[in-house]
Amino acid sequence: MSSNVTYRKMVSEDVSVVYEIELATFPTPWTLDSFYYEVHENQYAHYVLAIDEYNNIIGFCGMWMVIDAAQITNVAVIEDARGRGIGEGLMREAMRIAREHTMEVMSLEVRVTNTVAQNLYRKLDFQDGGIRKGYYTDNGEDALVMWVNL
């Protein structure tokens, strides 16, 4: 992992940059309003940002923490920073925060074709939990559900 990266919670002023990363990463991105909702209205949402040595946001990880379970909503890293362990750092920080909030389990969905992400999650001890058929609306691709005990 890159040693020049720090992590912090997303605030309202970060939303526009996070949204730009979302647009550049996902074929069916969340809306700008949805990120503002996450910051201001969703009591279950927590977003972690990866910040580089120049104070730029280079990635984010969102999760919802409900009762005793954390659900990863989205993870993205800017293209220029990929392959440097930023995604792993974001996931480790999200897991740390979830444990701090007494969550017992964390889960996520990942495209069945996204083996790079699946390998990262397995490195973090996530296990395969099942398939959600036709989960992704852009192309009908299935999602692999993965989970880990915290």
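Asker: What's the story with the pattern of salt bridges in this structure? I'm lost.
Answerer: Side chains that differ in sign of charge can pair as their charged atoms come close. This structure, assessed with the given rule, holds 10 salt bridges. Across the salt bridge formed by Lys 133 and Asp 142, the nearest N and O atoms sit 3.5 Å from each other. Among the charged side chains, a salt-bridge network with shared partners connects Glu 88, Arg 92 and Lys 123.

Asker: Any chance you could explain helix α2 (residues 32-40) here in plain terms?
Answerer: An α-helical turn contains 3.6 residues, so any two residues separated by three or four positions project in the same direction. Three or more residues of α2 are buried, namely Ser 34, Phe 35 and Glu 38. Along α2, the residues classed as buried sweep out an arc of 100 degrees about the axis, all on the same side. Buried residues along α2 sit against α1 (15-25), β2 (45-51), β3 (57-66) and β4 (69-77).

Asker: What should I look at first to understand the sheet that holds β4 in this one?
Answerer: Within a sheet, adjacent strands bond to each other through the backbone by hydrogen bonds, running parallel or antiparallel. The strand order across the open sheet built from seven strands is β1-β2-β3-β4-β5-β7-β6, with neighbouring strands paired in mixed fashion. Both edges of this open sheet fall to β1 (6-9) and β6 (127-132), since each of them pairs with a single strand only. Neighbour to neighbour, the strand axes of the sheet diverge by 25 degrees on average, direction disregarded. In the sheet, β2 pairs with β3 via seven bridges, with the strands oriented antiparallel. Counted as the bridge partner of Ile 51 is Ile 57 from β3.

Asker: Is there a simple way to explain the nonpolar core in this structure?
Answerer: Counting residues in each nonpolar core, the largest one holds 30 residues, and the members touching the most others are Met 63, Met 91, Met 106, Tyr 121 and Phe 126. Taken together, the elements giving at least two residues each to this core come down to β2, β3, β4, α3 (86-100), β5 (105-111), α4 (115-123) and β7 (143-149). Look past the residues within four positions of Phe 126 in its chain and what remains in contact with it is Met 91, Met 95, Met 106, Ser 107, Leu 108, Tyr 121, Met 146, Trp 147 and Val 148. Met 10, Val 15, Val 18 and Tyr 47 belong to the second-largest nonpolar core, a separate cluster that totals 12 residues.

Asker: Sorry, what's going on with unusual backbone geometry here?
Answerer: Excluding glycine, a negative phi dihedral is what most residues carry, and trans is how most peptide bonds are arranged. Even without being a glycine, Asn 55 presents a positive backbone phi close to 70 degrees. Positive phi, close to 55 degrees, is recorded for Ile 67, a residue that is not glycine. By secondary structure assignment, the location of Ile 67 is in the loop between β3 and β4. Take Ile 67: its relative accessible area is 78%, and that puts it in the exposed class.

Asker: What exactly am I supposed to notice about the packing of aromatic side chains here?
Answerer: Enumeration over the complete set of coordinates arrives at seven aromatic pairs. Look at Trp 30 and Trp 64: their rings are 6.5 Å apart centre to centre, the planes differ by 40 degrees, and that puts the pair in the tilted class. In this pair, Trp 30 sits in the loop between α1 and α2 while Trp 64 sits in strand β3, placing the two residues 34 residues apart along the sequence. For Trp 64, a relative accessible area of 33% puts it in the partly exposed group. When the centroid spacing of 5.8 Å and the interplanar angle of 90 degrees are considered together, the rings of Phe 35 and Phe 60 count as edge-to-face. Residue Phe 35 is located in helix α2, and its partner Phe 60 is located in strand β3; the two are separated by 25 residues in the primary sequence. Residue Phe 35 shares its accessibility class with Phe 60, and that shared class is buried. Grouping aromatic residues by their ring pairs yields a cluster made of Trp 30, Phe 35, Tyr 47, Phe 60 and Trp 64. Across from the ring centre of Tyr 136, 4.1 Å away, lies the NZ or CZ of Arg 111, which sits over that ring.

Calculation rules
- Residues numbered from 1 in each chain as written.
- Predicted model: local features only at pLDDT ≥ 70, side-chain atom pairs only at ≥ 80, totals over all residues.
- Heavy atoms only, no water.
- Salt bridge = Lys/Arg side-chain N within 4 Å of Asp/Glu carboxyl O.
- Buried < 20%, exposed > 50% of the residue type's maximum accessible area, 1.4 Å probe, protein only.
- Helix = DSSP H or I, 4+ residues; strand = E, 2+ residues; numbered from the N terminus.
- Arc of directions from axis to C-beta.
- Contact = heavy atoms within 4.5 Å.
- Pairing = 2+ DSSP bridges.
- Axes fitted to C-alpha atoms, helices over the stretch in contact; angles between N-to-C directions.
- Core = buried A, V, L, I, M, F, W, Y, C linked by side-chain atoms within 4.5 Å.
- Phe/Tyr/Trp six-rings, centres within 6.5 Å; stacked < 30°, edge-to-face > 60°.
- Lys NZ or Arg CZ within 6 Å of the ring centre and 35° of its normal.

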